[in-house]
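So the chains spell out like this:
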Amino acid sequence: MKKVVTIAGSNSQNSINKMLIEYVATLLEDVEILTIDLNDYVLPIYGVDYEAENGIPTGVKRLDEILNSADAFIISLAEHNGSYAAVFKNTLDWLSRLNMKIWKEKPMLLMAASPGGRGGATVLQSAKEYFPFLGAKKIETYSLPSFYDSFKEGEIIEENLRKELKDKTATFSKGL
């Protein structure tokens, strides 16, 4: 059975991106889902001086082992001021110190959700362009705008958005 690792690029306990990932997981069949919660990997702010004095934190090494075991990834990004949430960017910075190909040349469903009308489009575009340099391949992207209007009781209620995600999830699944 293929293993899909999921990460919400947020440390919010009520992350809408975590909710979106949970919904997407219900659309997948015959896969093992392994969810990474960034709150379980509290890391110091990356800095070369810190790394020189203390080395790479154990949590980063554990995360890298999990990423190595994956057959594919589902990432849903929070957008903070048009960019990655600080916790996610810091995690990427640390992981890149072990292996610049963080995503291990494996398929990815890359998403963003936002309460606003653009659905995290800025961070999604940034990641879509940057993640191939970090080893992502066959990237499918999906943006969920107006989250609190579009997502109710654990599912997407707006028909066009739901169909688009189901189609993208199906394409992602075929690439596993």
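As a reminder, the structure under discussion sits directly above these lines.
Quick summary incoming for the structure in this document. A quick note: this is a predicted structure, and the numbers were derived from the prediction, not measured.

1. A closer look at the overall build of the chain
Thought 1: The secondary structure content of the chain amounts to seven helices and nine strands.
Thought 2: Its C-alpha atoms give the chain a radius of gyration of 16 Å, within 12% of the compact-globule value 16 Å for 176 residues.
Thought 3: Reported as C-alpha extents along the three principal axes, the dimensions of the chain are approximately 55 × 35 × 25 Å.
Thought 4: Looking at the chain as a whole, 47% of its 176 residues qualify as buried.
Thought 5: Across the chain, the fraction of contacts at a sequence separation of at least 24, relative to all contacts at a separation of at least 6, is 79%.

2. Considerations on the environment of Lys138
Thought 1: By secondary structure assignment, the location of Lys138 is in strand S7 (residues 136–144).
Thought 2: As a C-alpha pair, Lys138 and Ser150 span twelve residues in sequence and 27 Å in three-dimensional space.
Thought 3: Every residue in contact with Lys138, bar those within four places of it in the chain, is listed here: Pro107, Met108 and Gly175.

3. Describing the environment of Glu153
Thought 1: One can find Glu153 in the loop between strand S8 (151–152) and strand S9 (155–156).
Thought 2: Considering only alpha carbons, one finds Glu153 and Thr58, 95 residues apart in sequence, at a separation of 37 Å.

4. What to know about the pairing of strand S6 (residues 106–113)
Thought 1: With eight of eight residues buried, S6 is to be regarded as a mostly interior element.
Thought 2: Relative to S6, strand S3 (residues 72–77) runs parallel, the two being bridged by five bridges. By the bridge assignment, Ile74 is partnered in S6 with Leu109.
Thought 3: The sheet contact formed by S6 and S7 spans eight bridges and is parallel. Paired with Leu110 across the two strands is Thr141, which belongs to S7.
Thought 4: Between S6 and its parallel partner S7, the chain crosses via helix H5 (residues 121–130), and the hand of that crossover is right-handed.

5. A closer look at helix H7 (residues 159–174)
Thought 1: The terminal C-alpha atoms of H7, which comprises 16 residues, lie 23 Å apart, in line with the 22 Å expected from a rise of 1.5 Å per residue.
Thought 2: Taken as a whole, H7 has its buried residues at Leu161, Arg162, Leu165, Thr169 and Phe172. Summarising the axial view, the buried residues of H7 lie within an arc of 95°, below the 170-degree limit, and thus occupy one face. Those residues of H7 that are exposed and aimed more than 90 degrees away from the buried face are Asn160 and Lys174.

6. As for the side chain of Asp64
Thought 1: Of note, Asp64 is situated in helix H3 (residues 58–69).
Thought 2: Overall, the relative accessible area of 13% leaves Asp64 in the buried class.

7. What to know about H5
Thought 1: All buried positions along H5 are accounted for by Val123, Leu124 and Ala127. Seen end-on, H5 carries its buried residues on one side only, within an arc spanning 100°.

8. Some details on the side chain of Lys104
Thought 1: You can see Lys104 is positioned in the loop between helix H4 (86–98) and S6.
Thought 2: A relative accessible area of 12% places Lys104 in the buried class.
Thought 3: Side chain to side chain, Lys104 and Asp64 meet in a polar contact 2.6 Å long.
Thought 4: Engagement of the side chain of Lys104 in a polar contact is seen with the side chain of Asn68, the distance being 3.3 Å.
Thought 5: Excluding its chain neighbours within four sequence positions, the residues that come into contact with Lys104 are Asp64, Leu67, Asn68, Phe73, Asn99, Leu134 and Gly135.

Calculation rules
- Residues numbered from 1 in each chain as written.
- Predicted model: local features only at pLDDT ≥ 70, side-chain atom pairs only at ≥ 80, totals over all residues.
- Heavy atoms only, no water.
- Helix = DSSP H or I, 4+ residues; strand = E, 2+ residues; numbered from the N terminus.
- Rg over C-alpha atoms; globule rule 2.2 N^0.38 Å.
- Buried < 20%, exposed > 50% of the residue type's maximum accessible area, 1.4 Å probe, protein only.
- Contact = heavy atoms within 4.5 Å.
- Pairing = 2+ DSSP bridges.
- Right-handed = clockwise from strand over helix to strand, strands pointing away.
- Expected span 1.5 Å × (residues − 1).
- Arc of directions from axis to C-beta.
- Polar contact = N/O pair within 3.5 Å; in protein donor to acceptor, adjacent residues only side chain to side chain.

So far we have only geometry, and geometry alone does not tell us how the molecule works.
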